[in-house]
Amino acid sequence: MTGYRVSDVMTKQVVYLPAETTLDEAARVMKEADIGDVVVTDGASLAGMLTDRDIVVRAVAENSSPAATTIGSIVTREVVMIEQHCTAGEAAALMRDRGIRRVLVCDSDRKLVGIVSLGDLAMQLDPTSALSEISEQSPTA
């Protein structure tokens, strides 16, 4: 990972959904876009990030109705960001320290420009590793 910047490994496709979106609609969007996360907005503000795991752990496990529960009610509101010019190693350390698998990527003006995942870092570190192979097959790794 030496020499790689977050901007070199991040996913530039960021999908935004309003907090009022239902879980079933969010899951449908994730499936159609082949992604494992969406950024949740509250009007013009960033409300947080929702992952496929959030849907399973916070909603399905609690028997919430996917058609009646909004993503705003289960979204992870603590947003962790990293600047796009930071190194991939710094991103990995941030994920490790925070115990998270994805970090939002911003530019120097704190504008959102992408998302970097543990799978993105694994692909760059060693494209032949088992984690990389799993990440290629599933966006939710």
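Please refer to the structure placed before this passage.
A short tour of the structure in this document, coming up.

Rules used throughout
- Residues numbered from 1 in each chain as written.
- Predicted model: local features only at pLDDT ≥ 70, side-chain atom pairs only at ≥ 80, totals over all residues.
- Heavy atoms only, no water.
- Helix = DSSP H or I, 4+ residues; strand = E, 2+ residues; numbered from the N terminus.
- Buried < 20%, exposed > 50% of the residue type's maximum accessible area, 1.4 Å probe, protein only.
- Contact = heavy atoms within 4.5 Å.
- Polar contact = N/O pair within 3.5 Å; in protein donor to acceptor, adjacent residues only side chain to side chain.
- Pairing = 2+ DSSP bridges.
- Axes fitted to C-alpha atoms, helices over the stretch in contact; angles between N-to-C directions.

The next subject is the environment of Asp8. Residue position: Asp8 is located in helix H1 (residues 6-9). The exposure class of Asp8 is partly exposed, given its relative accessible area of 47%. Sequence spacing of Asp8 and His85 is 77 residues, and the spatial spacing of their C-alpha atoms is 9.0 Å. Excluding residues that lie within four positions of it along the chain, Asp8 makes contacts with Gly3 and Gln124. From its side chain, Asp8 meets the backbone nitrogen of Arg5 in a polar contact 2.9 Å long.

Reading across from one edge, S1-S2-S3 is the order of the 3 strands in this open sheet, with mixed pairing throughout. Two strands bound the open sheet, and with one partner strand each, they are strand S1 (16-18) and strand S3 (45-51). Pairwise comparison of adjacent strand axes, ignoring direction, gives a mean angle of 35 degrees for this sheet. Sheet topology note: the S1/strand S2 (residues 37-42) ladder contains 3 bridges and is parallel. Within S2, the residue paired with Pro18 across the bridge is Thr41. Sheet strands in contact with helix H2 (residues 23-33) are S1, S2 and S3, and its direction is about 70 degrees off that of S3.

Note that every value here comes from positions in space, so none of it alone points to a role or purpose.
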